[in-house]
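Structural characterization, general
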Amino acid sequence: MSTEEFQKEQEFITGLYARLDDLRAEAEVTVQSALTQVASGQQAKLERDVLVAEQSGLLAAFNAGESGLCFGRLDFQDGRQYHMGRIGIRQNDADRTPLVVDWRADIARPFYLATGYSPMGLRRRRHITTEGRTVTALHDEILDLTDTTRTGHEGSAADTVLLAALDAARSGRMHDIVQTIQAEQDRIIRASHQGVLVVEGGPGTGKTVVALHRAAYLLYAYRDLLARRGVLIVGPNPAFLAYIGEVLPSLGETGVLLATVGELFPGVTATGTDTAAAAEVKGRSAMADALARYVRDRQTVPDPGIEIEHDDGTLVLDRAMAEDARAAARQTGLPHNLARPHFAFRIIDALTEQLADRIGADPYGGPNFLGPDDIAQLGKAVALSGDVHAVIDTLWPMLTPQQLVTEFLAEPAHLAHIDAELIRRTGGPWTPADVPLLDEAAELLGEDDSAARAAEEAERQQRIAYAQGVLDVAYASRTYEFEDKEELDKDASEVLGAHDIVDAERMAERHEEADHRSAAERAAADRTWAFGHIIVDEAQELSAMTWRLLMRRCPTRSMTLVGDPAQTGDPAGCDSWRQILDPYVGDRWEHTRLGVNYRTPAEIMRVAAGVRRAEDPAFEPPGSVRSTGVRPRARAARADDLARTVAGTVADEAPQEGRLAVVAPAALHPELAAALPGASYGPTPDLTRDVVLLDPRQAKGLEFDTVVVVEPGQILAGSPRGANDLYVALTRATQRLAVVHTGALPECLREGLARESAQTVRPA
Ligand SMILES: Nc1ncnc2c1ncn2[C@@H]1O[C@H](COP(=O)(O)OP(=O)(O)OP(=O)(O)O)[C@@H](O)[C@H]1O
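None of the values given here were measured: they were computed from a predicted structure.

1. Brief notes about the overall build of the protein chain
- Scanning the protein chain from terminus to terminus reveals 30 helices and 22 strands.
- Residue burial in the protein chain is summarised as follows: out of 764 residues, 49% are buried.
- Residue pairs in contact within the protein chain that sit at least 24 positions apart in sequence constitute 73% of those at least 6 positions apart.

What follows is the structure, encoded as structure tokens:
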């Protein structure tokens, strides 16, 4: 092994971190001084805010670079050499020469794709492993077989580095994989942002981690578009979002909104839970139709009529008048609340006409005595009448989505009786399955935001006037500055001023954009926000109603959907991509597969595959990249001794380093938690604890060094998609798996497990 090579890389890394420190210090100073600056006037405040936002983003990226900043080097056949980094960093010279290139840059691609067969111009690829700021290992791959230079670090570099990453103890948080992205994953990460891309793959094939790196790549490659519109990542539950939450910040990207479906209706916190059957009914697309009809039910007419007391005599609003007004309002095609003024005006007009006919009638049959001004006066009085408005409110009430859905759930209509009974609820907290209903209701009702829009327009006009002032001043100073120069140097007239390239309106718009919070923050607070790109993880779990919500949030249909229909646990989930996508994009979507299991060793995968094969004999699991030589175990327990047996198994299996999960049906949790002091469990378990207790649905998407699956028979029988739940539970381990069961071991688990009887269990 060449110490000279080591030393050279160490010197480079030391210099690189020194540069990082300088950049970080510069950004910190800029942020601090901008924050302490007292900005007077709108313009100065805007400039300060832009500066702080820009420099804070840079700071986040620099902080992200602290660990594993540089992880590779590319030596090209033509002599060029580039170091690869988690973020790109340039030297402080006139040309701003790159010190490390960002892993997302085009020039970095051969690091992931080059092979001996297709070297992409590379001579050598080097993997650099560091701990903190110290180089701990170098692995070189020779890609140009005519190259005879050797460094002593050659070997099957890529495999060594990948296997070391896969074997490492888990921390309860997902890590980035920039050092070891595989070619099939790289192609997905860098696929065009346009259209819908479906990434399917069995457990552990890297779907989640690839989707996260794709978000980072898209933000890099289409920064202008996506930083403004934002990227939304949807995950199945808060624990999962916490698990993946550090990957993007570690890649220097902080402007992404991570959310569960339950968090996608601003102002509503979905803390309740539905039964699986109720969630399934709420998730059906038929709910959209039921809600639409329910809204129409709220547009009523009196039968036969209503008398309204008025200063100028009693008014009668009869059925025909109301029907006429309702038809006119519906004909506008506007949502309920926005169509309401049309209904109200028609009613007011009709009542005014009624009044005018009565008051101005010529007893001798001649024309009406009242002129247009008199009728206008009468109309005003009708329009201002509280009694008239009360009647309009009853017939066509203003409704909020929350009101509508609360009332719908209390008395569900337009559904089969059995479905209505399943979802009937009076009061209680909102549930995640209610959120798509609220969103649907909001669409059907529309928001009457005319007052807010008028205020916004007035503010915009003010900003334009202000920007015009700024441009005028800039123009005036230009004449002084350049007049003389033009005489001396004709080129000077080519110098562009702000006034040449931007008008007041554009300038005001730019400042408007700069003035606001980050796209992710704005998007989180705005139900109608249209994202630049949406990534959905565990996409197979989402209901038809949820897809309606998500498609509304992404009118451009720039989406990445990752999932595995074989792992669908939610009864409301979809069985096929076609079923999900057909209503929105027809067959215009791309499907791609990941076929290698990076997580689960072959020994465990053999057991898990048995569960799927019981349902589908032709089932083929993704091939495992590793095997550990450790056979998974099944332990029988006496029915009255289950918790103690589980605790004993946990004690036996707990890894020295890393994490262990007990995956058991939720009904067993209180009993098991009592026997597992220190285990984290509940709706949002802390995954960084040594031992966590989860139900199979909570385990979705997560991974642990060791997994103990409890009562597989109950998991199988627990839901119509019980086999999928058990498959998920069994495929969470990176190293070891144990199964604890009372009664007979389910038939589908007979293969691959070393079986122990209850007697061999040592006391916990
Ligand atoms: N190229 C890679 N280099 C290093 N680790 C990788 C690579 N690809 C995947 N992994 C690791 O494999 C594990 C499984 O990845 P991930 O969770 O993304 O799989 P998944 O397909 O989403 O699984 P599931 O469907 O079971 O949730 C993770 O620890 C991930 O970091």
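Further notes follow.
2. Quick notes on the sheet that holds strand β8 (residues 231–234)
- What the 6 strands build is an open sheet, ordered β9-β8-β12-β13-β7-β14; its pairing is parallel. What marks the edges here is a single partner per strand, and that holds for β9 (256–259) and β14 (589–594). Strand-to-strand twist of the sheet, defined as the mean angle between neighbouring strand axes without regard to direction, takes the value 15°.
- Across 3 bridges, the pairing between strand β12 (residues 533–536) and strand β13 (residues 559–563) is parallel. Bridged to Ile534 within β13 is Met559.

3. Considering the site of the ligand
- Around the ligand lies a shell of 24 residues, among which Thr180, Gln185, Lys207, Glu703 and Arg732 are the nearest.
- Note that a nitrogen atom of the ligand is positioned 2.7 Å from one of the side-chain N or O atoms of Thr180.
- Protein chains shield 97% of the accessible area of the ligand, which is 630 Å² for the free molecule.
- Going through the elements one at a time, α4 (157–167) and α6 (207–221) are the ones with two or more residues in the shell around the ligand.
- Of the residues belonging to the shell around the ligand, the class tally is 8 nonpolar, 10 polar and 6 charged.

4. A few points about helix α18 (residues 434–445)
- Helix length check: α18 (12 residues) gives 16 Å between terminal C-alpha atoms against 16 Å at 1.5 Å per residue, within 8%.
- For α18, a buried count of 10 out of 12 residues is recorded, marking the element as mostly surrounded by other parts of the structure.
- Buried within α18 are the following residues: Asp434, Val435, Pro436, Leu437, Leu438, Asp439, Glu440, Ala441, Ala442 and Leu445.
- On its buried side, α18 packs onto α10 (276–283), α11 (286–297), α13 (336–359), α16 (401–410) and α23 (544–552).
- The positive-phi residue at the C-terminal boundary of α18 is Gly446, with phi of around 75°.

5. Here we look at the pattern of salt bridges
- Applying the stated criterion across every chain, the model contains 55 salt bridges.
- The closest approach of N and O atoms between Glu703 and Arg170, which form a salt bridge, is 2.7 Å. Of this pair, Glu703 sits in the loop between α28 (696–699) and β20 (704–710) while Arg170 sits in the loop between α4 and α5 (183–189); the two residues are 533 residues apart in sequence, bridging distant segments of the chain.
- According to the relative accessible area criterion, Glu703 is buried, its value standing at 13%.
- Residue Glu440 pairs with Arg548 through a salt bridge whose shortest N-O separation is 2.7 Å. One end of the pair, Glu440, is in helix α18; the other, Arg548, is in helix α23, with 108 residues separating them in the sequence.
- A single network of salt bridges, built from pairs that share partners, joins Glu5, Lys8, Glu9, Arg73, Asp75, Arg123, Arg124, Arg126 and Asp140.

6. A word on the UniProt feature "binding site: ATP" (unreviewed entry) in the protein chain
- According to UniProt, the feature "binding site: ATP" (unreviewed entry) maps to Gly201, Gly202, Pro203, Gly204, Thr205, Gly206, Lys207 and Thr208 in the numbering used here.
- By the secondary structure assignment, Lys207 is in helix α6.
- The exposure class of Lys207 is buried, given its relative accessible area of 11%.
- The residues touching Lys207, leaving out its near neighbours within four places in the chain, are Val199, Glu200, Gly201, Gly202, Val562, Gly563, Asp564, Gln567 and Leu594.
- Of note is the side chain of Lys207, whose polar atom sits 2.9 Å from the backbone oxygen of Gly201.
- For Thr208, the position within the fold is in helix α6.
- Take Thr208: its relative accessible area is 10%, and that puts it in the buried class.
- For Thr208, the residues in contact, after removing those within four places along its chain, are Met174, Phe240, Ile244 and Asp537.

7. What about the side chain of Arg173?
- Structurally, the position occupied by Arg173 is in the loop between α4 and α5.
- Only 3.5 Å separates the side chain of Arg173 from the backbone oxygen of Ala242, close enough to count as a polar contact.
- Contact partners of Arg173, with chain neighbours within four places excluded, come to Ala242, Tyr243, Glu246, Leu687 and Thr688.

8. Considering the side chain of Asp705
- Counting through the fold element by element, Asp705 comes out in strand β20.
- Despite its burial, Asp705 remains without a salt bridge, the nearest opposite charge being carried by Arg170 at 5.9 Å.
- Within polar-contact distance, the side chain of Asp705 engages the backbone nitrogen of Arg170 at 3.1 Å.
- Sequence-distant contacts of Asp705, defined by excluding residues within four places in its chain, comprise Ala168, Ala169, Arg170, Pro655, Glu657, Gly658, Arg659, Ala733, Thr734, Gln735 and Arg736.

9. Some words on the pairing of strand β11 (residues 315–318)
- Residues of β11 alternate between two faces, with Leu315 and Leu317 buried on one and Val316 and Asp318 left unburied on the opposite face.
- Where strand β10 (residues 305–308) lies against β11, 4 bridges are found, and the strand directions are antiparallel. Each residue of the ladder has a partner; that of Ile308, found in β11, is Leu315.
- Hairpin connection from β10 to β11: 6 residues lie between these consecutive antiparallel strands, with Gly313 at a positive phi of about 120°.

10. As for the nonpolar core
- Counting residues in hydrophobic clusters, the biggest one holds 76 residues, and the most contacted among them are Met84, Trp103, Ile233, Val709, Leu730 and Leu749.
- Top element by residues in this core is α6. It accounts for 9 residues.
- For Leu749, the residues in contact, after removing those within four places along its chain, are Val607, Val611, Pro712, Leu726, Leu730 and Val739.
- By size, the runner-up hydrophobic cluster in this structure holds 54 residues, among which are Tyr294, Ala519, Trp577 and Trp589.

11. Quick look at the environment of Leu162
- The topology assignment puts Leu162 in helix α4.
- Excluding residues that lie within four positions of it along the chain, Leu162 makes contacts with Thr180, Gln182 and Tyr598.

12. As for α10
- Inspection of α10 places Ala278, Ala279, Val281, Lys282 and Gly283 among the buried residues, and these make up the whole buried set.
- Those residues of α10 that are buried are in contact with α11, α16, α17 (417–423), α18 and α23.

13. As for the pairing of strand β21 (residues 733–741)
- Across the 9 residues that make up β21, a large majority, 8, are buried.
- Here strand β17 (residues 633–636) pairs with β21 via 4 bridges, running parallel. The partner of Arg635 across the bridge, within β21, is Val740.
- Of the pairings in the sheet, the one linking β20 to β21 comprises 6 bridges and is parallel in character. In the strand pairing of β21, Val707 is matched with Leu737.

14. Some details on the confidence of the model for the protein chain
- For the protein chain, the mean per-residue pLDDT works out to 86, and 88% of the residues sit at or above 70.
- Mean pLDDT values for the elements of the protein chain range from 46 in helix α20 (residues 498–501) up to 97 in α11.
- Note on residues 477–501: pLDDT under 50 across the span, and 13 contacts to partners over four residues away in sequence or across chains.
- Reported confidence for the predicted complex is 0.99 by ipTM and 0.83 by pTM.

15. Regarding the sheet that holds β21
- Read from one edge to the other, the open sheet built from 6 strands follows the order β19-β18-β20-β21-β17-β22, with strand pairing classed as parallel. Edge positions in the sheet fall to β19 (691–694) and β22 (754–756), since each has one partner strand and no second. With direction set aside, neighbouring strand axes in the sheet form an average angle of 20°.
- Seen against the sheet, helix α30 (residues 722–730) touches β18 (660–663), β20 and β21 and runs at an angle of roughly 145° to β20.

What counts and how
- Residues numbered from 1 in each chain as written.
- Predicted model: local features only at pLDDT ≥ 70, side-chain atom pairs only at ≥ 80, totals over all residues.
- Heavy atoms only, no water.
- Helix = DSSP H or I, 4+ residues; strand = E, 2+ residues; numbered from the N terminus.
- Buried < 20%, exposed > 50% of the residue type's maximum accessible area, 1.4 Å probe, protein only.
- Contact = heavy atoms within 4.5 Å.
- Pairing = 2+ DSSP bridges.
- Axes fitted to C-alpha atoms, helices over the stretch in contact; angles between N-to-C directions.
- Near = heavy atom within 4 Å.
- Polar contact = N/O pair within 3.5 Å; in protein donor to acceptor, adjacent residues only side chain to side chain.
- Areas by Shrake-Rupley, 256 points an atom, 1.4 Å probe, with all protein chains shown as cover.
- Nonpolar A, V, L, I, M, F, W, Y, C, P; charged D, E, K, R; others polar.
- Expected span 1.5 Å × (residues − 1).
- Salt bridge = Lys/Arg side-chain N within 4 Å of Asp/Glu carboxyl O.
- UniProt positions renumbered as here; feature names shortened; annotations may be inferred.
- Lys, Arg positive; Asp, Glu negative; His and termini not counted.
- Core = buried A, V, L, I, M, F, W, Y, C linked by side-chain atoms within 4.5 Å.
- pLDDT = per-residue confidence, 0-100.

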